Amino acid sequence: MQVQRVVLASRPGKNGVPVPENFRLEETTLTADLQDGDVLVRTLYLSVDPYMRCRMNEDTGADYLGPWQLSECVDGGGVGVVESSRCSTCNEGDVVTSFNWPWQTYAVLKGSGLQKVDPQLAHGHLSYFLGAIGLTGLTALLGVREKGHVIKGANQTMVVSGAAGACGCIAGQIGRLDGCVRVVGICGSDEKCKALVEDLGFSAAINYRQEDVSTRLKECCPDGVDVYFDNVGGDISDTIIAQMNNGSHVILCGQISQYNKDLPYPPPLSKETQETLQMKNITRDRFTVLNYMSKADAALYELSQCVKSGQIKVLETVVNGIENMGDAFCSMMKGGNIGKQIIKISE
Ligand code: NDP
């Protein structure tokens, strides 16, 4: 059968901004002759994520992430449906996901590498398995729980950077549900600020492209900052850390503002910020969701219940068509998304 796939056409360079032309759409022939253990899947939704920027480099800088190879099919989070199976654990019609789903309209995959999911958990919104009820939701929930030290009744203020993105949206809502009295989001547009406050229940939001973050933070966080969910790093994080309280906590989730630079992860902090952390006894532990997968099933169930009950609202930016994968990735890296960036591949 004829299928479409996306391959890596070129690398942006360690210090380059990725462009859609780094990706190329191709037609290819798929032999649907299944070997024992194989399944034929039809792709429903694909995910684009910031960590993919590292996979565009020859050396990803992370031992758990391999680089994408030139002219080879790109892969990442995906969800799809089993069309035919020669694997005892997968049946026709099953909905399955994987972190290594090829950017391809149909694919023959090893059934043993796929996780079966229950569509009921996502209330039929199968794209949620790539976002709020997938790795994104887990990152937010487990990041807050493992590193945030949120205590009900402790009158805490949480700040979230990258707040209108996939992880940020959920992290702020978890902070509120877990008992923070004030949750302030920082993001890159007025439209995003409005969504955070009006749709997701954030106490306030700051547009870092238009407003002076330091001044606005002082207004929005009169009692200082107790928990900081850091998605972006760089100047925004330095400004927030400068306003953190003694004994407060940074959840070091990601540093997207530094991903187009040739820097190790986590990128080095300024001397001033290092001194603030030390003087105020602020914890800043690196959080990696993949280290907590033993807690994933319970956490996904909790996320599913919160989404169903409306306690957590889900925002998504959905683009149609595999031909738009490169555009969607580059757009997400520059802030084109509100909530999780999803690409719909088929019905
Ligand atoms: P998002 O949906 O948040 O998309 C990325 C967002 O980053 C953009 O929408 C943009 O929003 C913002 N951004 C881009 N450049 C900058 C910049 N220079 N300064 C400030 N903000 C910027 O992606 P995810 O939710 O998937 O990922 C968020 C973070 O979480 C990333 O750092 C990622 O690496 C990390 N992560 C970490 C995991 C872990 O296990 N630790 C797992 C998954 C993700 P805006 O308009 O506001 O600029």
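Note that this is a predicted model, so its numbers are computed, not measured.

**Quick look at the site of the ligand**
Phase 1 of the analysis: Contacts to the ligand come from 27 residues, most closely from Lys-192, Tyr-208, Tyr-259, Phe-287 and Asn-337.
Phase 2 of the analysis: Within the contact set of the ligand, an oxygen atom lies 2.8 Å away from a backbone nitrogen or oxygen of Ala-166.
Phase 3 of the analysis: Contact with the protein chains hides 87% of the accessible area of the ligand, taken as 910 Å² for the molecule alone.
Phase 4 of the analysis: When residues of the shell around the ligand are assigned to domains, at least three fall in each of domain 1 (2-131 + 315-344) and domain 2 (135-290).

**Things to note about the domain arrangement of the protein**
Phase 1 of the analysis: Each assigned domain of the protein is listed with its residue range as follows: domain 1 (2-131 + 315-344) and domain 2 (135-290).
Phase 2 of the analysis: Contacts between the two partners involve 20 residues from domain 1, matched on the other side by 20 residues from domain 2.
Phase 3 of the analysis: Across the domain 1-domain 2 interface, the total number found is one salt bridge.
Phase 4 of the analysis: One salt bridge connects Lys-14 with Asp-262, and the closest N-O pair in it is separated by 3.8 Å.

**Thoughts on the pattern of salt bridges**
Phase 1 of the analysis: Within this structure, the stated rule accounts for 20 salt bridges.
Phase 2 of the analysis: Close ionic contact of Lys-340 with Asp-49 constitutes a salt bridge, the shortest N to O distance being 3.0 Å. Here Asp-49 lies in the loop between strand S3 (38-47) and helix H1 (52-55) and Lys-340 lies in strand S15 (residues 340-344), a separation of 291 residues in the sequence.
Phase 3 of the analysis: Note on Lys-340: relative accessible area 5%, which makes it buried.
Phase 4 of the analysis: For Asp-49, a relative accessible area of 14% corresponds to the buried category.
Phase 5 of the analysis: The structure contains a network of salt bridges with shared partners spanning Arg-5, Arg-24 and Glu-26.

**Quick look at empty space enclosed by the protein**
Phase 1 of the analysis: Summed over the entire model, instances satisfying the criterion amount to one cavity of 30 Å³ or more.
Phase 2 of the analysis: The calculated volume of the largest cavity comes to roughly 40 Å³.
Phase 3 of the analysis: Around the largest cavity, the lining residues are Ala-132, Thr-136, Ala-166, Cys-169, Ile-170, Val-314, Leu-315 and Lys-340.
Phase 4 of the analysis: Of the residues forming the lining of the largest cavity, the biggest block, three residues, is contributed by helix H3 (residues 166-178).
Phase 5 of the analysis: Grouping the amino acids of the lining of the largest cavity by side-chain chemistry returns six nonpolar, one polar and one charged.

**Observations regarding the UniProt feature "domain: Enoyl reductase (ER)" (unreviewed entry) in the protein**
Phase 1 of the analysis: Look at the UniProt record and you will see "domain: Enoyl reductase (ER)" (unreviewed entry) annotated at residues 18-343.
Phase 2 of the analysis: Between the end C-alpha atoms of residues 18-343 the distance is 18 Å, and the span holds 27% helix and 26% strand.

**Overview of the environment of Lys-14**
Phase 1 of the analysis: Take Lys-14: it is sitting in the loop between strand S1 (2-8) and strand S2 (23-29).
Phase 2 of the analysis: Exposure remark for Lys-14: the relative accessible area of 33% places this residue in the partly exposed category.
Phase 3 of the analysis: Setting aside chain neighbours within four positions, we find Lys-14 in contact with Arg-53, Asn-57, Asp-59, Asn-260, Lys-261 and Asp-262.

**Quick notes on the environment of Leu-44**
Phase 1 of the analysis: Structurally, Leu-44 is set in strand S3.
Phase 2 of the analysis: Residues Leu-44 and Tyr-106, 62 residues apart in the sequence, show an inter-C-alpha distance of 9.3 Å.
Phase 3 of the analysis: Leaving out residues up to four positions away in the same chain, Leu-44 has contacts with Val-79, Gly-80, Val-81, Leu-126, Ile-343, Lys-344, Ile-345, Ser-346 and Glu-347.

Parameters and conventions
- Residues numbered from 1 in each chain as written.
- Predicted model: local features only at pLDDT ≥ 70, side-chain atom pairs only at ≥ 80, totals over all residues.
- Heavy atoms only, no water.
- Near = heavy atom within 4 Å.
- Polar contact = N/O pair within 3.5 Å; in protein donor to acceptor, adjacent residues only side chain to side chain.
- Areas by Shrake-Rupley, 256 points an atom, 1.4 Å probe, with all protein chains shown as cover.
- Domains from an automatic or database assignment.
- Contact = heavy atoms within 4.5 Å.
- Salt bridge = Lys/Arg side-chain N within 4 Å of Asp/Glu carboxyl O.
- Helix = DSSP H or I, 4+ residues; strand = E, 2+ residues; numbered from the N terminus.
- Buried < 20%, exposed > 50% of the residue type's maximum accessible area, 1.4 Å probe, protein only.
- 1 Å grid on protein atoms, 1.4 Å probe; cavity = no way out; pocket = protein on both sides within 12 Å on 5 of 7 lines; lining within 4 Å.
- Points joined across faces, edges and corners; volume = space filled by probe spheres on them.
- Nonpolar A, V, L, I, M, F, W, Y, C, P; charged D, E, K, R; others polar.
- UniProt positions renumbered as here; feature names shortened; annotations may be inferred.

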